[in-house]
Amino acid sequence: MLAAKTIMEQGVHVEGINFFTGFCVEGHTHAIREKDKAKPKRNNSLWVAEQLGMKLHIVDVIEEYKNVLINPKHGYGAHMNPCLDCKIFMVNKAKQWIVENDFDFIITGEVIGQRPMSQRKATMPIVAKESGADDLLLRPLCAKNLPATLPEREGWVDREKLHDITGRSRKPQIAMAEQFGFDDYSQPAGGCCFLTDKSYSAKLVDLWKSQGHKEYQLDDVMLLKVGRHIRPQPNFKLIVAREEGEGRFLQGYKNEFISMISLSHRGPLVLIDGTPSAEDLYLAAQITARFGQGRDAEQVDINVTMIDGSERTLQVKPIRDEDMPKAWYV
Amino acid sequence: MTIETLNARRLLCPLPVIRTQDKVKQLKVGDRLEVICTDPGVMQDIPAWCRINGHKVIAATAGNHEYTLLIEVCSS
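Described below are features of the structure shown in this document.

Thresholds applied
Residues numbered from 1 in each chain as written. Chains lettered and ligands numbered in written order. Predicted model: local features only at pLDDT ≥ 70, side-chain atom pairs only at ≥ 80, totals over all residues. Heavy atoms only, no water. Pairing = 2+ DSSP bridges. Helix = DSSP H or I, 4+ residues; strand = E, 2+ residues; numbered from the N terminus. Axes fitted to C-alpha atoms, helices over the stretch in contact; angles between N-to-C directions. Contact = heavy atoms within 4.5 Å. Buried area = accessible area lost by both parts, 1.4 Å probe. Salt bridge = Lys/Arg side-chain N within 4 Å of Asp/Glu carboxyl O. Nonpolar A, V, L, I, M, F, W, Y, C, P; charged D, E, K, R; others polar. Core = buried A, V, L, I, M, F, W, Y, C linked by side-chain atoms within 4.5 Å. Buried < 20%, exposed > 50% of the residue type's maximum accessible area, 1.4 Å probe, protein only. Left-handed = near helix turned anticlockwise from the far one by under 90°.

## Section: the sheet that holds strand β9 (residues 300-305) of chain A
Residue and element names in this part refer to chain A.
Moving on, step 1. On the basis of which strands lie adjacent, the open sheet formed by six strands has the order β5-β6-β8-β7-β9-β10 and antiparallel pairing. The outermost strands of the open sheet, each flanked by one partner alone, are β5 (228-233) and β10 (311-316). With direction set aside, neighbouring strand axes in the sheet form an average angle of 25°.
Moving on, step 2. Taken together, the five bridges between strand β6 (residues 236-240) and strand β8 (residues 270-274) define a ladder with antiparallel strand orientation. Residue Phe236 lies in a different strand from β8, and its bridge partner there is Gly274.

## Some remarks on the interface of chain B and chain A
Moving on, step 1. Listed by partner, the interface residues are 20 residues for chain B and 27 residues for chain A.
Moving on, step 2. Summing both partners gives a buried area of about 2000 Å² for chain B against chain A, and 63% of it is carried by carbon and sulfur.
Moving on, step 3. There are four salt bridges connecting chain B and chain A.
Moving on, step 4. For Asp60 of chain A, the salt bridge identified is with Arg19 of chain B, shortest N-O distance 3.5 Å.
Moving on, step 5. When contributions to the side of chain B that touches chain A are tallied by element, the ones reaching two or more residues are α1 (15-25) and α2 (42-53) of chain B.
Moving on, step 6. Considering every element that reaches the side of chain B that touches chain A, the biggest residue donor is α2 of chain B, with seven residues.
Moving on, step 7. When its residues are assigned to classes, the side of chain B that touches chain A shows 10 nonpolar, five polar and five charged.

## What to know about the nonpolar core
Moving on, step 1. Counting 92 residues, the largest nonpolar core has Tyr65, Leu204, Tyr216 and Leu250 of chain A together with Ile46 of chain B as its most contacted members.
Moving on, step 2. Beyond its immediate sequence surroundings of up to four residues, Tyr65 of chain A is in contact with Thr21, Phe23, Pro82, Cys86, Phe89, Leu195 and Tyr216 of chain A.
Moving on, step 3. Counting residues in hydrophobic clusters, the runner-up holds 23 residues, among them Val240, Ala284, Leu314 and Val316 of chain A.

## Thoughts on the environment of Leu46 of chain A
Moving on, step 1. Residue position: Leu46 of chain A is located in helix α3 (residues 44-52).
Moving on, step 2. For Leu46 of chain A, a relative accessible area of 0% gives the class buried.
Moving on, step 3. Along the chain, Leu46 of chain A and Asp102 of chain A lie 56 residues apart, while their C-alpha atoms are 22 Å from each other.
Moving on, step 4. If near-sequence neighbours (up to four positions away) are discounted, Leu46 of chain A is found in contact with Leu56 and Ile58 of chain A together with Val17, Asp45, Ala48, Trp49 and Ile52 of chain B.

## What to know about the environment of Gly267 of chain A
All names here are of chain A.
Moving on, step 1. Relative to the helices and strands, Gly267 resides in the loop between β7 (258-262) and β8.
Moving on, step 2. Remark: the alpha-carbon pair of Gly267 and Glu15, spanning 252 residues in sequence, is separated by 48 Å.
Moving on, step 3. Look past the residues within four positions of Gly267 in its chain and what remains in contact with it is Ile261 and Gly292.

## Some thoughts on the packing of helix α4 (residues 62-70) of chain A against helix α5 (residues 83-100) of chain A
Residues and elements named next belong to chain A.
Moving on, step 1. Two elements in contact, α4 and α5, have axes whose closest approach is 9 Å; the angle formed by their N-to-C orientations is 150°. The handedness of the crossing between α4 and α5 comes out as right-handed. Seen from α4, the contacting residues are Glu64, Tyr65 and Val68; seen from α5, they are Asp85, Cys86, Phe89 and Lys93.

Here it is, written out as structure tokens:
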């Protein structure tokens, strides 16, 4: 937002590009969970574009992004976040876009030293070089700390009016936002990608391990954002809705998974992912019973719906807490 | 004038916007698009996308956990 505004202030026409990888935190969980209903559900990139009065192009890169996540040349960050490869990928896509749409250069809001992996002085040239953007990539917020790019050398933008921000502190950006009259802006300290989340990353690794390869579909990674994931055996796991909103969301997947729900007591919808045996299904039903209001009952009736639509009822005693090892929780 | 329908049920933000964006590209000025979604975020996002891109939201309704927006394509 600040980088775009800095360049727009120089009379340059700017349009936004937002790449959707499938892992963007933007609104997903807010849309699903009841408890988040009070939170604003705006898409931040759309909101920013509207505040700035610029067009925004949202580009679906879900398929192409798979290779970035599965084979990151520069490795992962603290979790499953391939930040440097991700940035190279996105700048490369932006380079392709400006060529196709007759734009002259690319700007990003990067700041030297802001992020430990992708925004270091050493990695800034790597992003420019490996993306193919080279000196068409201008970082207005820290440009004065970097060699002049083509837009600066050609006088398309005035380098003197660019900035020299460095480091992790957001104070200079907050001050700049105040100068521009922005009293609202998106969360400044990252957190916009599920891959930087420890719990989400653990579920992704579990998914890859259980299926024996790293390929995934959008639905796979969507489902990792929802519910409790419990894996009692390598060959199956349960996805347990934590509240009504999640139950409604999981309902949309009922035809693709074995599902369970308590008939005798109130309880959550549970999807079973994998290839459970009859014995495994009994254990899954016991776990399903454990998460409903019949958790202390002697017997709970659990409806089991198979993928082919056939149904049956299992009568089970809910599993006890002490019989559920912590290791089962993904 | 053509009226088309886009089923964006089960899609979460920003996919309903992306699908709307892609569908609108195929329509002409004056055509209308009805988008049916289950993500409540669309009630903010699709109108915002329309304002940015110069299209008009004719109607937005919510009920039974579904959200329906009727858009008129106003610019090419």
